[in-house]
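Overview (structure and organization)
Each chain is listed here by its residues.
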Amino acid sequence: EVQLVESGGGLVQPGGSLRLSCAASGFTFSNYAMSWVRQAPGKGLEWVSVINSGGTSYADSVKGRFTISRDNAKNTLYLQMNSLKPEDTAVYYCTRYDVVYYSGSIYGHHAYWGQGTQVTASS
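If you're wondering where the values come from, they're calculated on a predicted model, not measured in any experiment.

Another aspect to go through is the overall build of the chain. Across its full length, the chain carries 0 helices and 11 strands. Taken from the N to the C terminus, the helices and strands of the chain come in the order β-β-β-β-β-β-β-β-β-β-β. Relative to the 2.2 N^0.38 estimate, which gives 14 Å for 123 residues, the radius of gyration of the chain is 14 Å and therefore close to what a compact globule would have. C-alpha extents for the chain along the principal axes are approximately 50 × 30 × 25 Å.

In structure tokens form, the structure reads like this:
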């Protein structure tokens, strides 16, 4: 059974930092791309970042402030968040991002989700 368990959220002042962790189990962690997705109060889901064998990618809203990384030996995904802004306030979800190649095209989707961890940037 695939399980993703986030931790590390909390309340931080604007300009502060937090590091989120996601402990993965039930699959061969190193074989899969992993992603972070967030949902702000009253808003829809927003993709934040992804990491795979080819590297990393970020949403424009977090580029230069957030860093995604992984430790395959520990089956753990991380998100280092610096210079946090009030608009970063959201529930942050860890996802396993599955990619399928079909007819020369690549299709990806967030196949599994964690329960989420709350991040609040407020004074």
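So, about the packing of aromatic side chains. A full pass over the atoms with the stated rule returns 3 aromatic pairs. Measuring from centroid to centroid gives 6.3 Å for Phe27 and Phe29, while their planes differ by 50 degrees, and the two rings are tilted. Just as Phe27 is buried, Phe29 falls in that class too. Measuring from centroid to centroid gives 5.5 Å for Phe27 and Tyr32, while their planes differ by 85 degrees, and the two rings are edge-to-face. An aromatic cluster is built from Phe27, Phe29 and Tyr32, whose rings are joined through pairwise contacts. Directly above the ring of Phe29 sits Arg70, whose terminal nitrogen or CZ lies 4.4 Å from the centroid. Positioned above the aromatic ring of Phe27 is the side chain of Arg96, whose terminal nitrogen or guanidinium carbon lies 5.0 Å from the ring centre.

Conventions adopted
Residues numbered from 1 in each chain as written. Predicted model: local features only at pLDDT ≥ 70, side-chain atom pairs only at ≥ 80, totals over all residues. Heavy atoms only, no water. Helix = DSSP H or I, 4+ residues; strand = E, 2+ residues; numbered from the N terminus. Rg over C-alpha atoms; globule rule 2.2 N^0.38 Å. Phe/Tyr/Trp six-rings, centres within 6.5 Å; stacked < 30°, edge-to-face > 60°. Buried < 20%, exposed > 50% of the residue type's maximum accessible area, 1.4 Å probe, protein only. Lys NZ or Arg CZ within 6 Å of the ring centre and 35° of its normal.

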